[in-house]
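Inside the fold
Chain by chain, the residues run as shown.
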Amino acid sequence: MRDYLLTLCVTAAVTYLLTGPVRKFAIATGAMPEIRARDVHREPTPRLGGIAMFFGLCAGLLVADNLQNLNGVFERSNEPRALLSGAAVIWLIGVLDDKFELDALIKLGAQMIAAGVMVMQGLTILWIPVPGVGMVSLTSWQGTLLTVALVVITINAVNFVDGLDGLAAGMVCIASAAFFLYAYRIWYGYGIEAAAPATLFSAILIGMCVGFLPHNMHPARIFMGDSGSMLIGLVLAAGAISVTGQVDPDALKIFEVTTRQATHAALPVFIPLLLPLTIIAIPFADLVLAVVRRTWNGKSPFAADRGHLHHRLLDIGHSHSRSVLIMYFWSALIAFGVVAYSVHSASMWILLLVVGLSAVGLVLLLLPRFTPRAPLWAQAFVPPRYRRKSWRQGERTAGTDTARDEVPEGGADAAGAPEPEPVPAGVNGATALSAHSRSQDRPKAGSRH
């Protein structure tokens, strides 16, 4: 565990330290596209954050290769080199897209090529566990097609959800943390060395996201761009592919117990089928809804729009930060809920906890529909949007009466100017009327004021 934590910290440190220089490089090279209609930010922001994340990935793999307890991963498996090769391909395409805005079909072809590069070097699905059937071996073509499909879906799911500051990096970080706990348990708890590469990939991916998040939280100073979103999507898919189909049921000794116990003990075998989907459940749902929505409207599935889940959260009244936190909450609930159930599937408390937290999440989603109002005695101490309308009207009337008492009879001031029109209150009460909101008499020339 110490070696994994060291790898994670080095990856995070390299990513964090390189993001600042990369931001200056992006500004100098003009990688700051104009604001589009679907964008949420209001000022042009540099991209190319994926450059720092890629070098963080390289640093993490280099450190792990020189650690005694993790060096065996590189000796027994070619998967780390396959990951680095596929990541380099997808990263280069992402950098070009951040600068020159490549066509969607070109990026899709590059994603398939990156997946094919990993398959050629051994990072592929060899077999899948099917409940009620057992381990089903896949032919070479079946494994290749399934691997490429999983990589492409994961990359685009992460790319689609990258619409708010810190959203994609945070959600992938949460998913990676849950996947790390699962893969580490399979590797260390059951002694299955085939799960070691997936554990390493998850630790490195956490470091990449943690190192980039301080620069990407709202208001973001730099975006990861497609060079970053496609990169972390590929690393996430590589971890899922590495552990899926690599677990030997005989090593878990699940057939030496009763049928009921075997059912619970077999969950670590079948969880690889579900966990890769649950950790990207929200991005995957966003991807499916986007394709259906665009196709239904007669548009291309690759045509960008403003209908993603995070856009809908903003439309119903959530702030930018709250929308991101709500997406974090649901990602953590689904990913860690599945991992917890795989560990203690016989415990009813886990199911009840997930149901209870789901109810809390639904309340958070509907929070803008039920704006709380402070009691009368606390009206002056809360933000204007939480004040009662009657109290604000009384405050406005009192302020108007006070101002009228200061104006001479006839509705004009000493200079003969008519009484100024009252300024209407803003949505959040930012321009609420009071005695100080009216135009004051300008000081005479030569006065001390």
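Quick caveat, the model's predicted, so the values are computed rather than measured.

**Some thoughts on the overall build of the protein chain**
Check the secondary structure of the protein chain and you find 17 helices and two strands. Counting the 449 residues in the protein chain, one finds 44% classified as buried. Contacts spanning at least 24 positions in sequence make up 72% of the contacts within the protein chain whose residues lie at least 6 apart. Surface exposure of the protein chain reaches about 23000 Å², of which carbon and sulfur atoms provide 64%.

**Focus on the nonpolar core**
If you look at the biggest cluster of nonpolar residues, it comprises 91 residues, and the most contacted ones within it are Tyr4, Leu57, Leu200, Leu231 and Leu234. Of all the elements, helix H7 (residues 167–189) adds the most residues to this core, at 15 residues. Apart from residues no more than four positions distant in its own chain, Leu231 is found in contact with Gly50, Met53, Phe54, Leu57, Ala87, Ile90, Met208 and Asp226.

**So, the packing of helix H6 (residues 140–161) against helix H9 (residues 225–243)**
Running from amino to carboxyl end, H6 crosses H9 at an angle of 140 degrees, the nearest separation of the two axes being 8 Å. Here H9 runs oblique to H6, going by the angle between their axes. Crossing geometry of H6 relative to H9 is assigned as right-handed. Facing Thr147, Leu150, Val151, Thr154, Ile155, Val158 and Asn159 of H6, the residues of H9 in contact are Asp226, Ser229, Met230, Ile232, Gly233, Leu234, Leu236, Ala237, Ala240 and Ile241. Looking at side-chain class alone, the contact of H6 with H9 contains eleven nonpolar, five polar and one charged residues.

**Considering the environment of Ala52**
As for its position among the elements, Ala52 is in helix H2 (residues 49–65). On the basis of relative accessible area, Ala52 is assigned to the buried category, the value being 1%. Taking the C-alpha atoms as reference, Ala52 lies 8.5 Å from Met208; in sequence the two are 156 residues apart.

**A look at the pattern of salt bridges**
If the charged atoms of two oppositely charged side chains come close together, the side chains can form a pair. Applying the stated criterion across every chain, the model contains four salt bridges. Across the pair Arg47 and Glu101 runs a salt bridge whose closest N-O atoms are separated by 3.3 Å. One end of the pair, Arg47, is in the loop between helix H1 (2–29) and H2; the other, Glu101, is in the loop between helix H4 (79–100) and helix H5 (104–120), and 54 residues separate them in sequence. By relative accessible area, which is 43% here, Glu101 ends up partly exposed. Salt-bridge contacts for Lys107 lead to Asp226; the nearest nitrogen and oxygen are separated by 2.9 Å. With Lys107 in helix H5 and Asp226 in helix H9, the pair connects residues that are 119 residues apart, well separated along the chain. Pair check on accessibility: Lys107 and Asp226 agree, each one buried. Because the salt bridges share partners, they merge into one network encompassing Asp97, Lys107 and Asp226.

**Concerning the environment of Val148**
For Val148, the position within the fold is in helix H6. By relative accessible area, Val148 is classed as buried at 17%. The spacing of Val148 and Val119 is 29 residues in sequence and 8.2 Å in space, taken between C-alpha atoms. The residues contacting Val148, other than those within four sequence positions of it, are Met112 and Ala115.

**Details of the packing of aromatic side chains**
By convention here, two paired aromatic rings are described through the distance between centres and the angle between planes. Enumeration according to the criterion identifies twelve aromatic pairs in this entry. Ring plane angle 25 degrees and centroid distance 5.8 Å describe the contact between Phe180 and Tyr184, whose orientation is recorded as stacked. Of this pair, Phe180 and Tyr184 both sit in helix H7, separated by four residues, roughly a single helical turn. Judged by relative accessible area, Phe180 falls into the buried class, the value being 10%. With 5.5 Å between their ring centres and 10 degrees between their planes, Tyr184 and Tyr188 make a pair best called stacked. One end of the pair, Tyr184, and the other, Tyr188, are both in helix H7, four residues apart, so they sit about a helical turn from each other. In this structure Tyr188 comes out as exposed when scored by relative accessible area, which is 59%.

Scoring rules and cut-offs
- Residues numbered from 1 in each chain as written.
- Predicted model: local features only at pLDDT ≥ 70, side-chain atom pairs only at ≥ 80, totals over all residues.
- Heavy atoms only, no water.
- Helix = DSSP H or I, 4+ residues; strand = E, 2+ residues; numbered from the N terminus.
- Buried < 20%, exposed > 50% of the residue type's maximum accessible area, 1.4 Å probe, protein only.
- Contact = heavy atoms within 4.5 Å.
- Areas by Shrake-Rupley, 256 points an atom, 1.4 Å probe, with all protein chains shown as cover.
- Core = buried A, V, L, I, M, F, W, Y, C linked by side-chain atoms within 4.5 Å.
- Axes fitted to C-alpha atoms, helices over the stretch in contact; angles between N-to-C directions.
- Parallel < 35°, antiparallel > 145°, perpendicular 65-115°, else oblique.
- Left-handed = near helix turned anticlockwise from the far one by under 90°.
- Nonpolar A, V, L, I, M, F, W, Y, C, P; charged D, E, K, R; others polar.
- Salt bridge = Lys/Arg side-chain N within 4 Å of Asp/Glu carboxyl O.
- Phe/Tyr/Trp six-rings, centres within 6.5 Å; stacked < 30°, edge-to-face > 60°.

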